[in-house]
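# Structural overview
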Amino acid sequence: MSEKENIIEMKEVYKAFGNKFVHKGINLSVREGETLTILGGSGGGKSVMLKQINGLLKPDSGSVEVMNKNVCSMNDEELTEVRKDIGMLFQGAALFDSLTVAENIAYPLIENSDLPEDEIKEIIATNLEMIGLPGIEDRYPNDLSGGMKKRVGLARAMATHPKILLYDEPTTGLDPPNISRINELIKTMRDKFGITGVIITHDLQSAYEISDRIAFLHDGKIVFTGTVEETWMNEIEEFRDFIEGKLENQKD
Ligand SMILES: Nc1ncnc2c1ncn2[C@@H]1O[C@H](COP(=O)(O)OP(=O)(O)OP(=O)(O)O)[C@@H](O)[C@H]1O
Ligand SMILES: [Mg+2]
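As the structure is a prediction and not an experimental result, all values here were calculated from the model.

## Topic: the coordination of the magnesium ion (ligand 2)
At 2.1 to 2.3 Å from the magnesium ion (ligand 2) lie its protein donor atoms, namely Ser47 (OG) and Gln91 (OE1). Of this pair, Ser47 sits in helix H1 (residues 46–53) while Gln91 sits in the loop between strand E6 (86–89) and helix H3 (101–112), placing them 44 residues apart in sequence. With a relative accessible area of 18%, Ser47 lands in the buried category.

This is how it looks when you write it as structure tokens:
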């Protein structure tokens, strides 16, 4: 795959729940190795986009290609295979409540690799250290705060070093030191491991800090894609209103 090739490609994606259209012709290309952030209003269909990328939800029409393969037409076996290359941090972290932190992080490693137990243990310890929560292997998700769960979800998503990482609101609910820590980790995933990142966030400051490109989802379509600088200079009325509204809110 050449450097500039698109690793994810959504073409003319339509999706309705009941009679409400959430996606009305989404087109989005993500380049291999870049970090792309999707911005947009609440309930606009951002999380649904990530779920379509890893095949958890299927569009009504249009196509979603990951590494040149259409995930919409894959059977379960093919989906399992492609998901080995896709790590996902879910909006609510989505940890298994009946498993310990260590077992949660080990889960994708056991599913996707033949690593020996001691190596898995080491990866778990290293990843917990990276998210700033060393030594919590034996705790259960219910004993953790929302922010801690989110960070464990991130450790689980990163553990296999997938080709693509999908992050649904990685910094929401975290305090400033942890926001910086997570943003640094996202940058490390790109710079050190060459992982392509797709991020959803409501945190503009983080978006500016970590993104190579930003996309704006509005009324079921991606109406803007560009660099951070292009975002600052964009003259799309809806996007300007969105950004200025957010900046207003963040002052409070
Ligand atoms: N599985 C589902 N079944 C029915 N409706 C759904 C489903 N998933 C999402 N929706 C609806 O689709 C719309 C878009 O949801 P989505 O979660 O993608 O929004 P979002 O942009 O991620 O919002 P937020 O910023 O609040 O997380 C919402 O109206 C939601 O209720
Ligand atoms: Mg969402």
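## Quick notes on the packing of H3 against helix H4 (residues 117–130)
For the pair H3 and H4, interaxial distance at closest approach is 10 Å and the crossing angle is 120°. When the axis of H3 is compared with that of H4, the two are oblique. Between H3 and H4 the crossing geometry is right-handed. Within the contact between the two elements, H3 uses Val101, Ala102, Ile105, Ala106, Leu109 and Ile110 and H4 uses Ile120, Ile123, Ile124 and Leu128. In terms of residue class, the contact of H3 with H4 is made up of 10 nonpolar, no polar and no charged.

## So, the site of ligand 1
Around ligand 1, the surrounding shell holds 14 residues, and the nearest of these are Ser42, Gly43, Lys46, Ser47 and His202. Here an oxygen atom of ligand 1 sits 2.5 Å away from a polar atom, N or O, in the side chain of Ser42. At 2.9 Å, a backbone N or O of Gly45 approaches an oxygen atom of ligand 1. Out of a free accessible area of 640 Å², ligand 1 has 64% covered by protein chains. Only strand E2 (20–31) and H1 provide two or more residues apiece to the shell around ligand 1. Looking at the shell around ligand 1 residue by residue, the classes come out as 3 nonpolar, 8 polar and 3 charged.

## A short note on the sheet that holds E2
To summarise the sheet geometry, strands pair through backbone hydrogen bonds and adopt either a parallel or an antiparallel arrangement. Across the sheet, which stays open at both edges, the 4 strands sit in the order E2-E1-E4-E5 with antiparallel pairing between neighbours. Only two strands of the sheet have a single partner each, and these edge strands are E2 and strand E5 (69–70). Of the pairings in the sheet, the one linking strand E1 (residues 6–17) to strand E4 (residues 61–66) comprises 5 bridges and is antiparallel in character. Bridge assignment links Lys11 to a residue of E4, and that residue is Ser63. Against the sheet, H1 engages E1, E2 and E4, with an angle of about 120° to E1.

## A closer look at the pairing of strand E8 (residues 196–200)
In terms of burial, E8 is a largely internal element, 5 of the 5 residues being buried. Side chains Thr196, Val198 and Ile200 of E8 all project onto a buried face; the interleaved residues Gly197 and Ile199 project onto the opposite face, where all are buried too. Of the strand pairs in this sheet, strand E3 (residues 35–40) and E8 are connected by 4 bridges, and their pairing is parallel. Residue pairing across strands places Thr35 opposite Gly197, the latter belonging to E8. Bridge count between strand E7 (residues 164–168) and E8: 5 bridges; the pairing is parallel.

## Re the environment of Ala207
Positionally, Ala207 belongs in helix H7 (residues 204–210). Ala207 sits in the buried class, given a relative accessible area of 0%. For Ala207 and Ser63, which are 144 residues apart along the polypeptide, the C-alpha to C-alpha distance reads 27 Å. Not counting chain neighbours up to four residues away, the residues in contact with Ala207 comprise Thr37, Leu39, Thr201, Ile214 and Val228.

## Some thoughts on the nonpolar core
Counting 32 residues, the largest nonpolar core has Ile105, Ile131 and Val152 as the members making the most contacts within it. Sort the elements by how many residues they give to this core and helix H5 (residues 146–158) lands first, with 6 residues. Residue contacts for Val152: discarding those within four places in its chain leaves Leu95, Val101, Ile105, Ile131, Leu133, Ile136 and Leu144. In this structure, Ile7, Val13, Val82 and Met88 belong to the second largest nonpolar core, which totals 29 residues.

## Some thoughts on the sheet that holds strand E10 (residues 221–226)
Strand order across the open sheet formed by 6 strands is E6-E7-E8-E3-E9-E10, with mixed pairing between neighbours. Strand pairing shows two members of the sheet lacking a second neighbour, E6 and E10, which therefore form its edges. Between one strand axis and the next, the sheet turns through 15° on average, direction left out of account. Relative to E7, E6 runs parallel, the two being bridged by 4 bridges. Bridge pairing in E7 links Leu89 to Tyr167.

Conventions adopted
Residues numbered from 1 in each chain as written. Chains lettered and ligands numbered in written order. Predicted model: local features only at pLDDT ≥ 70, side-chain atom pairs only at ≥ 80, totals over all residues. Heavy atoms only, no water. Donors = N, O, S within 2.8 Å, 3.2 Å for Na, K, Ca; no water. Helix = DSSP H or I, 4+ residues; strand = E, 2+ residues; numbered from the N terminus. Buried < 20%, exposed > 50% of the residue type's maximum accessible area, 1.4 Å probe, protein only. Axes fitted to C-alpha atoms, helices over the stretch in contact; angles between N-to-C directions. Parallel < 35°, antiparallel > 145°, perpendicular 65-115°, else oblique. Left-handed = near helix turned anticlockwise from the far one by under 90°. Contact = heavy atoms within 4.5 Å. Nonpolar A, V, L, I, M, F, W, Y, C, P; charged D, E, K, R; others polar. Near = heavy atom within 4 Å. Polar contact = N/O pair within 3.5 Å; in protein donor to acceptor, adjacent residues only side chain to side chain. Areas by Shrake-Rupley, 256 points an atom, 1.4 Å probe, with all protein chains shown as cover. Pairing = 2+ DSSP bridges. Core = buried A, V, L, I, M, F, W, Y, C linked by side-chain atoms within 4.5 Å.

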